[in-house]
Amino acid sequence: MSANRCVYLLSRSHIRYRVCASTAAVANNTTLHPTRRTFEKLSSRHSNSNSSSRPLDTSLFVPLTVKSDEGGDGPVGEELTQPLDKSELLKVLNRFYKRKEMQKLAADQGLDARLFHQAFVSFRKYVLEMNSLNADFHIILSDICCGAGHIDDIFPYFMRHAKQIFPMLDCMDDLRKISDLRVPANWYPEARAIQRKIVFHAGPTNSGKTYHAIQRFLAAKSGVYCGPLKLLAHEIYEKSNDAGVPCDLVTGEERIFVDPEGRLSGHIASTIEMCSVTTPCLCAEEIHVCGEAAAVDFVTELMYTTGEEVEVHNYKRLTPFSVSNHAVESLDNLKPGDCIVCFSKNDIYSISRQIEVRGLECAVIYGSLPPGTKLAQAKKFNDPDDPCKILVATDAIGMGLNLSIRRIIFNSLVKPSVNEKGEKELDTISTSQALQIAGRAGRFSSVFKEGEVTTMQRDDLPVLKEILGKPVDPIETAGLHPTAEQIEIFAYHLPQATLSNLIDIFVSLAQVDGLYFVCNIDDFKFLADMIQHIPLNLRTRYVFCTAPINKKQAFVCTSFLRFARQFSRDEPLTFNWVCQHVNWPLVPPKNIKDLVHLEAVHDVLDLYLWLSYRFMDMFPDANLIRDIQKELDGIIQVGVRNITRLIRATEDQRASAENTASIGLAVLDTPPPRRGRGTKNQRKNPRATDSSLSSRLVRDGLLTKELLQQLQREWVREQSQHGDDSNSANKGKKK
């Protein structure tokens, strides 16, 4: 095993792990070995782990149906005894259910109160509806009804039925062993077979930690870089090849081999999920990790479980940044090099529009934009000859983009998030998040050597200072996710369970020690439930459900469903099929709605490419799809360059619709017109009778344009009939 190998590990809370071959000579080096404190802390975590002792969530167990006409011995039982009286039998069964002794015995067999009740309801229905029971059971029930048997004799038959409807009761020990995640280090025997050294580059943003790790990557004979974003993998791929070190690119949607014949290079730039854990590179004798100092203790403890030492290199920020004593307060106070950070696309749109009204140009960067568009907007903002000097962005700028920012302006300090239970929350950003974003100001490689950080609102500024003044919360745990192999073994024991249900039961039974937690699986379950009705084998279903999908985009979800359905028919998803589905060719967007749809189409093409590397035969046209995706990226770039025009068009369309609805409702709410000249004011302002109710209904979205038109037609028809009736009545009076 060569020491000149490198890889990258998983990231959490903006921590990036890169694995390189050997050590860089940097200041403040420290070698950490397992200490008594580490041992005691680990022992405490292991002893305090309650995963194995926590009560099982039995609500996840879905009872199977047992047919009432199966399992009997015909009339044998009746011939040996007598027919059973159903009303008397019902009394006996209910007495059995109420016996505390039976409930306790059932609990010892894995039936808690919930399962005991469900099993009894099914058992009672089964007994009462069976045309004929097994002879031995029939005889026991007959004896109990006659007072010659004991009611507890029913229990073995009840438990046999309970295990039929809850088959997991018979294999609970096996399921617990499968879901035991307490020693994940043992999952990688190749890595455990060698003695490794972990070099942790610890420091804030713009401190040079990544630079030193990459230098070792380039100097190594072979290695793998692993990053959390495609942009980062692309960046290292380009830097490596520009430096004369042949490097391949491997992401979920793309493969680029430097060698014309497709042979692997010694270096690979990869996204983390694509890293092969079985190659010698991942089992490197030396691994370089980059991240915040808040993760040092955790990595040290993690490596203690594998018997490996950790060497820490500490870095300080290369350029300073300061927190301003004044908020911006108005967009009129913007200066060249300013970046306004928002946490929603609506705020991005709104602020971009307001900046454009002031005669300024701005670049726009947010998460759902294609990588090419993000890079184009970054280039536009960085170009000293471009009139665009303002950037409006989400926290997507915090990772993977080199930007010449003088001042970071937080438009808000509240960010939507999803907690470990999958619940949406609005929380003030953490110190780690604030530092990651603020650190983009005054980068070492930019034209601004010093950075500044402030807020848009005056009231937010003291809050920001408080956040930045706090220490970063230490990283204490790492996430684990059930593998396809584990779920397949679960399915062997629970063949009737859905994939979503299998995942739920796995997580409920999973045992982890204090260093780990089970990842949130809501997104996985969302996709699993979506395609549950489609006939796919379990491994294929699992792979589909791990696809990176924005479930907020309806078009992306619909496409995912159609992909799975086409796959299940064993019909390849060809280039022509995809073009028909996305309505290719597409045109530049005319408004924001069009732009959002184009972004969704780009995600759909990403999904196709991601699946094409896992099911090559069924997704055969990856190269053609990649070509039109690049073309689509260009179309989206045109839209983003004109984003203020799109916003203005969207606002004009909305205003026009509301104006039309308001005028129509004014007609509806106005009494039938009377003949006459009317007042002078009425002639000058025909909309003077516009009703406040009309405006409120339109504003609240309680009346659509179509419904408005229908009401208008009905109103005109009624008034016409009213006029005809009045004329007829008047003629009658004259006669």
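Definitions and limits used
Note that residues are indexed from 1 along each chain, following the sequence as it is written. In view of the model being predicted, local features appear only for residues whose pLDDT reaches at least 70, and side-chain atom pairs are presented and counted only at 80 or more, with totals across whole chains, interfaces and linings using the full set of residues. For the side-chain quantities, the full set of heavy atoms in the structure was used; hydrogens and water were omitted. Two strands are said to pair when DSSP picks up at least two bridges between them. Under the DSSP-based scheme used, a helix requires at least four consecutive residues in state H or I and a strand at least two consecutive residues in state E, with every element numbered from the N terminus. Every residue pair with non-hydrogen atoms within 4.5 Å of one another is taken to be in contact. Orientation is described by axes fitted as lines to C-alpha atoms, over the contacting stretch for helices, and by angles from 0 to 180 degrees between their N-to-C directions. Here a salt bridge means any side-chain nitrogen of Lys or Arg lying within 4 Å of a carboxyl oxygen belonging to Asp or Glu. Burial classes: relative accessible area under 20% of the type maximum marks a residue as buried, over 50% as exposed, and values in between as partly exposed (1.4 Å probe, protein chains only). Only buried Ala, Val, Leu, Ile, Met, Phe, Trp, Tyr and Cys residues count toward a nonpolar core, and they belong to the same one when joined by side-chain atoms within 4.5 Å. Here a pair means two rings of Phe, Tyr or Trp (six-membered ring of Trp) with centres within 6.5 Å. Their orientation is stacked below 30 degrees between planes, edge-to-face above 60, and tilted elsewhere. Any Lys NZ or Arg CZ that is within 6 Å of a ring centre and within 35 degrees of that ring's normal is treated as a charge sitting over the ring.

## Focus on the sheet that holds strand β4 (residues 247-250)
Strand pairing in a sheet is mediated by backbone hydrogen bonds. Such pairs are either parallel or antiparallel. Ordered by their spatial adjacency, four strands build an open sheet running β3-β6-β4-β5, and the pairing between neighbours is mixed. The sheet terminates laterally at β3 (223-227) and β5 (255-256), the two strands that pair on one side only. By the bridge criterion, two bridges tie β4 to β5 in an arrangement that is antiparallel. Paired with Leu-249 across the bridge in β5 is Ile-256. The strands touched by helix α10 (residues 209-219) are β3, β4 and β6 (267-271); relative to β3, the strand with the most contacts, the crossing angle is about 145°. The sheet contacts of helix α11 (residues 230-242) involve β3, β4, β5 and β6, and relative to β4 the element is tilted by about 165°.

## Considerations on the pattern of salt bridges
What the rule picks out here adds up to 28 salt bridges. Salt-bridge contacts for Asp-338 lead to Arg-407; the nearest nitrogen and oxygen are separated by 2.6 Å. Of this pair, Asp-338 sits in strand β10 (residues 338-341) while Arg-407 is found in strand β13 (residues 407-410), placing the two residues 69 residues apart along the sequence. For the residue pair Asp-338 and Arg-407, the accessibility class agrees, reading buried in each case.

## Some points on the sheet that holds β10
If you trace the six strands from one edge of the open sheet to the other, you get β9-β16-β13-β10-β12-β11, paired in parallel fashion. Each edge of the sheet is formed by a strand with only one pairing partner; in this case those strands are β9 (321-323) and β11 (362-365). For this sheet, the mean angle separating the axes of adjacent strands, direction not counted, is 20°. Where β10 lies against β13, four bridges are found, and the strand directions are parallel. Looking at the pairing, Val-341 lines up with Phe-410 of β13. Across the sheet, helix α13 (residues 345-357) is in contact with β10, β11 and β12 (390-393); its angle to β12 comes to roughly 160°. Strands β9, β13 and β16 (451-455) of the sheet are contacted by helix α16 (residues 460-469), whose axis makes an angle of about 125° with β16.

## Focus: the nonpolar core
Leu-111, Phe-158, Phe-544, Phe-563 and Phe-619 are the most contacted members of the largest nonpolar core, which has 141 residues in total. The element best represented in this core is helix α23 (residues 592-612), accounting for twelve residues. Those residues in contact with Phe-619 that sit more than four places away from it in its chain are Phe-544, Phe-563, Phe-567, Leu-573, Tyr-608, Leu-611 and Ser-612. With 27 residues, the next largest nonpolar core counts Ile-397, Leu-413, Ile-437 and Leu-468 among its residues.

## As for the environment of Gln-82
Take Gln-82: it is sitting in the loop between α2 (76-80) and α3 (86-98). Residue Gln-82 is classed as partly exposed on the basis of its relative accessible area of 38%.

## Here we look at the packing of aromatic side chains
Within the structure shown, the criterion is met by 20 aromatic pairs. Within the aromatic cluster, the residues linked to one another by ring pairs are Phe-96, Tyr-97, Phe-116, Phe-120, Phe-123, Phe-137, Phe-155, Tyr-157 and Phe-158. Positioned above the aromatic ring of Tyr-613 is the side chain of Arg-255, whose terminal nitrogen or guanidinium carbon lies 3.8 Å from the ring centre. A cation sits over an aromatic face here: Lys-551 above Phe-526, 5.3 Å from the ring centre.

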